[in-house]
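What follows is each chain in one-letter form.
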Amino acid sequence: MKRILLSTAVLALAASASYAGSADPAPAEPMMIEPVAVAPTPTGGDWTGPYGGLSFGNLSADADGGLDDSEGIYGIFGGYDYDFGQFVVGGELDYQTGEDIDLGGIEVDDILRAKLRGGYDLGRTLVYATAGAAQLNTNIGDDTGLVGGLGVEYKVTDQFTVGGEYLAHRFDDFDDTGIDVNADTVSIRGSFRF
């Protein structure tokens, strides 16, 4: 009986030793892959709300008969934008004044504008087109004409932006004088958004 027990123990030991050193790989446990949450791609910054600021730039004006002049200007502006995702629309009032521009007896004092603007939201940058009405005030009177242009605005912080704007103005038959006046402005702008 001792022989049988000893033989069985040797066989069991040999079998377990041969299985442990087997060339067959141990069965792999199944891997669980968990889904990874992907953050949504931002469509842009939030441009909705009121804003106001200051501008500084240059106004160049010309009138019939080869009259032209150019001077520095500064002003204030304020408006409201609504962000629809990638598109932004809004309205703005702005006023600029500076050194008098002399167009052969017509001295330009200041300009007041009411504009609509629409643009594309690029995140921290807004690129826009604008159009509206402008009132040009001079020493001989004032007249209302058309204004249109392009601009860009960049969010330095969520509350402060800097930008630039080009506007073209057209005043046909200015104040019934028979003189057409054209003016272009290029301005640097800084604004606070509320």
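Residues numbered from 1 in each chain as written. Predicted model: local features only at pLDDT ≥ 70, side-chain atom pairs only at ≥ 80, totals over all residues. Heavy atoms only, no water.

## Structural notes on the overall build of the chain
A tally of helices and strands in the chain yields 1 helix and 8 strands. For the chain, the sequential pattern of α-helices and β-strands runs α-β-β-β-β-β-β-β-β. Considering only contacts in the chain between residues 6 or more positions apart, those separated by 24 or more positions represent 57%. Within the structure as shown, the chain displays about 11800 Å² of accessible surface, and the carbon and sulfur contribution to it stands at 64%. (Helix = DSSP H or I, 4+ residues; strand = E, 2+ residues; numbered from the N terminus. Contact = heavy atoms within 4.5 Å. Areas by Shrake-Rupley, 256 points an atom, 1.4 Å probe, with all protein chains shown as cover.)

## A word on a negative patch on the surface
On the surface, a cluster of negative charge is contributed by E99, D100, D102 and E107. Take the negative patch: its biggest share by element is 3 residues, from strand β3 (residues 87–103). (Patch = residues over 30% accessible without salt bridge, like charges linked within 9 Å, V, L, I, M, F, W, Y side chains within 5 Å. Salt bridge = Lys/Arg side-chain N within 4 Å of Asp/Glu carboxyl O. Lys, Arg positive; Asp, Glu negative; His and termini not counted. Charge placed at Lys NZ, Arg CZ, Asp CG, Glu CD.)

## Looking at the sheet that holds strand β8 (residues 181–193)
If you walk around this closed barrel you meet the 8 strands as β1-β2-β3-β4-β5-β6-β7-β8, and the pairing is antiparallel. Taken over all neighbouring pairs, the strand axes of this sheet differ in orientation by 20 degrees on average, direction set aside. Two elements, strand β1 (residues 49–63) and strand β2 (residues 67–83), share 15 bridges in a ladder whose sense is antiparallel. Paired with S55 across the two strands is G75, which belongs to β2. (Pairing = 2+ DSSP bridges. Axes fitted to C-alpha atoms, helices over the stretch in contact; angles between N-to-C directions.)

## Notes on the packing of aromatic side chains
This model, assessed by the stated rule, comprises 5 aromatic pairs. With 5.5 Å between their ring centres and 70 degrees between their planes, F87 and Y120 make a pair best called edge-to-face. With F87 in strand β3 and Y120 in strand β4 (residues 106–121), this pair connects stretches of sequence that are 33 residues apart. We classify F87 as exposed; its relative accessible area is 51%. Given the relative accessible area of 33%, Y120 is considered partly exposed. Relative to F174, the ring of F171 has its centre 6.3 Å away and its plane inclined at 85 degrees; by these criteria the two rings are edge-to-face. Here the two residues F171 and F174 agree in accessibility, since each one is buried. Residue placement shows R117 over the ring face of Y128; its charged tip is 4.4 Å from the ring centre. (Phe/Tyr/Trp six-rings, centres within 6.5 Å; stacked < 30°, edge-to-face > 60°. Buried < 20%, exposed > 50% of the residue type's maximum accessible area, 1.4 Å probe, protein only. Lys NZ or Arg CZ within 6 Å of the ring centre and 35° of its normal.)

## A short note on the nonpolar core
L59, A61, I101, L103, L136, F171 and V181 are the most contacted members of the largest nonpolar core, which has 17 residues in total. Secondary structure elements with two or more residues in this core: β1, β3, β4, β5 (125–138), β7 (160–171) and β8. The contact partners of L103, leaving out residues within four places of it in the chain, are A61, D62, A63, L67, D68, D69, V108 and V181. (Core = buried A, V, L, I, M, F, W, Y, C linked by side-chain atoms within 4.5 Å.)

## As for the pairing of β1
The loop that links β1 with its antiparallel partner β2 comprises 3 residues; one of these, G65, has a positive phi angle of about 90 degrees. Bridge count for β1 against β8 is 13 bridges, and the pairing is antiparallel. Its bridge partner being in β8, G53 is matched across the sheet by S191.

## Let's talk about unusual backbone geometry
For D173, which is not a glycine, the phi torsion comes out positive at approximately 50 degrees. For D176, which is not glycine, the phi torsion reads 60 degrees and is therefore positive. Tracing the chain through its elements places D176 in the loop between β7 and β8. A relative accessible area of 69% places D176 in the exposed class.

## Re the pairing of β8
Relative to β8, β7 runs antiparallel, the two sharing 12 bridges. Opposite R170, over in β8, you have N182 as the bridge partner.

## Quick look at the pattern of salt bridges
Overall, the coordinates contain 12 salt bridges when judged by the stated rule. Salt-bridge contacts for R189 lead to E92; the nearest nitrogen and oxygen are separated by 2.8 Å. Taken as a pair, R189 in strand β8 and E92 in strand β3 lie far apart in primary sequence, 97 residues in all. For the pair shown, R189 and E92 are each scored as buried. Each of E92, D94, R113, K115, E165 and R189 takes part in a single network of salt bridges with overlapping partners.

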